[in-house]
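# Analysis of the macromolecular model
Take a look at the letters that make up each chain.
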Amino acid sequence: MTIPRSRYNTKKLLIHKHHHHLHYLIFIFLLFTLTRIRLVQGASVNHEVSILHSWLYPSSSTPTTHSNFLNWNRLDTSPCNWTSIACSPQGFVTEINIVSVPLALPIPSNLSSLKSIEKLVISDANLTGTIPTEIGDIVALSVIDLSSNSLVGSIPSSIGKLGNLQDLILSSNQLTGKIPVELGDCSSLKNLVLFDNRLAGNLPSELGKLSSLEVLRAGGNNGIVGKIPSELGECGNLTVLGLADTQVSGSIPASLGKLRNLETLSIYTAMLTGEIPPELGNCSNLVNLYLYENGLSGAIPPELGKLRNLEKMLLWQNDLVGAIPEEIGDCRSLTMMDISLNSLSGSIPLSFGRLLQLEELMLSNNNISGSIPNVISNASNLLQLQLDTNQISGLIPVELGMLKKLQIFLAWQNQLEGSIPASLASCSNLQALDLSHNSLTGSIPPGLFKLRNLTKLLLISNDISGLIPPEVGNCSSLVRLRLGDNRISGEIPREIGGLKRLNFLDVSENRLVGVVPDEIGNCVELQMMNFSNNTLRGSLPASLSSLTALQVLDLSFNQFVGLIPASFGRLVSLNKLILKGNSFSGSIPSSLGLCSSLQLLDLSSNSLSGGIPIELCRIESLDIALNLSGNALLDRSQLRYLPSISCYLPDSKLFHQLSGIEVEGNQGLCSRGQNSCFLNGVAGESSSNNRNTTKSRRLKLALALLITMTVAMVVFGIMAVIRTRKVIRHDDDSEIGGRDSWPWQFTPFQKLNFSVDQVLTCLVDGNVIGKGCSGVVYKADMDNGEVIAVKKLWPTTVASANNNDDDKGGGGGFRDSFSAEVKTLGTIRHKNIVRFLGCCWNRSTKLLMYDYMPNGSLGSLLHERSEYGYMMKITEKSDVYSYGVVVLEVLTGKQPIDPTIPDGHHVVDWVRQRRGGIEVLDPSLRTRSESEVEEMMQALGVALLCVNPSPDDRPTMKDVAAMLKEIRHEREEYAKVDALLKGSPATKCQQECGPATSLPKSKSYLQSNNTSFSASSLLHSSSSNGSMAFK
């Protein structure tokens, strides 16, 4: 049936209207939904604004000092345009990136509310407090970098829930506890960086489940112990394994040989034992192998020769034995090899000629024999060649002259023969050459003195002959020239005056003749000059008095004549003057009394006449040795002819202690009983009656003074006791908040959750944990469970209510240690320094608050284990600066902040102000023997290097150990002087003395202008690069 057109149109219209209403309803629904979503998003974004702003500015009173965050406005609807913030397209925070901004804040407690955050980077920002457990609820996190802060507490195990986490970087904090085993559940983890904290316990074997792990660095945590888990060999993508400066022990797991992608294996300064597994040769991508300072034994595996990409092999200071494998020559990429301080034997492999990229080869202190292979010259990039203290024999290859880049060549204490190759003059960059204690012959090649960079030339104890080349004056860079104990003849060339930087000149025990050239006075930097045991003659040049930096002058056993120059009084730095065994005549110049630093004076076996100048007894430092024997000093019977000359011994402690040997041989010198040879004794003989009368009067006066002082002391003692009791009563009341309590001022340096009152209640005798020269230390348990240490500083005088005002802080009554410690500690953030919490004070008491350390201080630890210092077991575990401070403490007898140091200075600054002079030594140490005092002064020089203000200029701990070792060598050299002073033969010492010096193993020391005699003998350390290895 056909529908009429009109009805059809009507139906169509109804359908159209129905569709129109339906579209309208859908539009309304969508609009409502979108609006609701936007409202929810807006509320969420505003919530993130509140979280972030309230974290940075926790209270309205917090000053807006964070210039990096001036656009963090709490009125903004979104934080997406804020500095250090990144957001998703939907407007949610996905990244916080704050680096090197001193926030001094804890991690936000409500951080888990930022549900979309993927990257949390707050590094080097002085974050405090703990890592919140809630961080494990932010499942979107892929990066957590909280490195270089002041975080404490443990690593939350909840982090193990973060399945998307790729980077966990918590290095350089103060985190404690164990590494959570739950980290093994972070299946996406690539970088786990935990070095330089205070973590302890074993390494979790569960870390072996991290198949994506590329970097594992947990070094610098001294509490980490136990064996290295063999399961780490399952981390097939691992490129860096750093466990240095820990206490991991046992052997290196052979399973590490499965790590084909491993590039750096760094487990130095630890407690590893056993042999190096040959399986490491399978780590085909290995670039850096750092295993030094352990207890590894056995031979070096030949399989290491398969490491074609290996660049650095540092195995020094272990117990390795056997020969160096020839296969090492296949490591064609090797640039640095240090296997010194082991017990390796055999010869240097000829295969080393294939190491064309080699820059540093250190084989010192082993038992290596054979000759130096000439193929080493193939390593045209070689900078350092250190072969000292071995049993190497034969000739020095002339081919070494092809090493144009060579800077350091050390081959002392070997059995080398033949002449010094003239070709070494072609090593145009050579800075240090030490061939001492060998059997070298021939003459010194003149071309060596054309080397413009040469600072140290040491050829001690060889059989070298010929002349000192006049070309020596061309080597203007020379700092140390030591040619002692050879057969060098001829005169000292005048050209030597051109060495303006020279500070150590030793030509002793040779066959030199002629006079000392007047030009020697141009060497104004000279500190040590030894011309002894030659055949030098004539009078001394007046120019010697120009050497005002001179500390040691030894001209003994020559043929010098004439007067001792009166101008020697200008040598104010002189501490040793040895003129023994010459033909000096005339009187002892009284001007020597101006040499206020003089410690040793030996004028024996000359032709001196006259008396002993009274000025000598005024030299307070002259307490080591004085020898005047074998001269022609005058007797009392000649006084009527020479009344102005004192021929008696000055009445001082030094002269009373002289033995007869040290003044014998002077036919005219007083030779009666001991007491009659001193000035006071002489006066007594000539006027005994007057003397008795004076003595009686003095006795009566002394008795009267004694009685008066006794009565006065009793009266003052009673008054002091009464006054002290009164003040102590007030002091106690003020501390515990008694009736007459004085108001407290409080300055926190961290966010603290306890009050001053809680601290004061803990200051009781039962909580005392230590006392020192600056105060008493209490252990204080706070109500919130926190344990702190409180130092109550001693007052210098007892403050009273009548003479101190509150607004002066009791300043007059307390040691400067308070202001010094607060000023210093308030700015320090370092993992090895106890955290300073704050200070508080009132009129009578000043308190310093620190984190409590149950294991004591660094100083006490080193004192308790002092055998390590004697055994040279000094490692990278000790912070170089801290070690230097401790050495200064031991030598000076002072604390770092000591009440006896004026103006509250630190001991480092105090020693520097006195230029490291002998007066800084503890008085009880200055009475030791000359050789011991000399060693202490040299150790003081080493300590000053350790506390250099510039970290880059401080030596490494290997440098320090080597320098301390050299002190013994220096002592052996000067032992021959002591032997001569005591009249014993020196020949035995000459035969037995070890090397007198080595050279610093670091470029920065070679180029140093350091002229301190105590600190100038530095040793080059191959660890200078090794110290930059991964932890």
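Residues numbered from 1 in each chain as written. Predicted model: local features only at pLDDT ≥ 70, side-chain atom pairs only at ≥ 80, totals over all residues. Heavy atoms only, no water.

The next point concerns the overall build of the protein. Summing up its helical and strand segments, the protein has 16 helices and 46 strands in all. Going through the 1031 residues of the protein one by one, you find that 51% of them count as buried. Within the protein, counting contacts between residues at least 6 apart in sequence, those at least 24 apart form 56% of the total. Counting every atom, the protein has about 45,800 Å² of accessible surface; 52% of that belongs to carbon and sulfur. (Helix = DSSP H or I, 4+ residues; strand = E, 2+ residues; numbered from the N terminus. Buried < 20%, exposed > 50% of the residue type's maximum accessible area, 1.4 Å probe, protein only. Contact = heavy atoms within 4.5 Å. Areas by Shrake-Rupley, 256 points an atom, 1.4 Å probe, with all protein chains shown as cover.)

Turning our attention to the nonpolar core. Ranked by size, the top nonpolar core spans 173 residues in total, and within it Leu103 and Phe409 carry the most contacts. Elements with a minimum of two residues in this core: helix H1 (5–56), strand E2 (93–99) and strand E3 (119–123). Broken down by element, this core gets its largest block of residues, five residues, from H1. Shared between two domains, this core takes at least three residues from each, and those domains are domain 1 (298–437) and domain 2 (561–674). Leaving out residues up to four positions away in the same chain, Phe409 has contacts with Ile372, Leu385, Leu387, Ile396, Leu400, Leu430, Ala432, Leu433, Asp434 and Leu435. Membership of the second largest hydrophobic core comes to 28 residues, among which are Val885, Trp910, Leu925 and Met963. (Core = buried A, V, L, I, M, F, W, Y, C linked by side-chain atoms within 4.5 Å. Domains from an automatic or database assignment.)

Here the focus is the state of the cysteines. Evaluation of the coordinates by the stated rule reveals one disulfide. Across a sulfur-sulfur distance of 2.2 Å, Cys80 and Cys87 are joined as a disulfide pair. Looking along the S-S bond of the Cys80-Cys87 disulfide, the torsion reads about -100°, which is the left-handed sense. (Disulfide = S-S within 2.5 Å.)

Let us look at the UniProt feature "binding site: ATP" (unreviewed entry) in the protein. The sites that UniProt annotates as "binding site: ATP" (unreviewed entry) are Lys792. Positionally, Lys792 belongs in strand E44 (residues 787–793). Residue class for Lys792 comes out buried when judged on its relative accessible area of 18%. (UniProt positions renumbered as here; feature names shortened; annotations may be inferred.)

Time to look at the sheet that holds strand E9 (residues 223–227). Read across the open sheet, the four strands follow the order E7-E9-E11-E13; overall the sheet is parallel. A single partner strand is all that each edge strand has here, and the edge strands are strand E7 (200–202) and strand E13 (271–272). In this structure, E9 lies alongside strand E11 (residues 247–250), joined through three bridges in parallel fashion. Residue pairing across strands places Lys227 opposite Ser249, the latter belonging to E11. (Pairing = 2+ DSSP bridges.)

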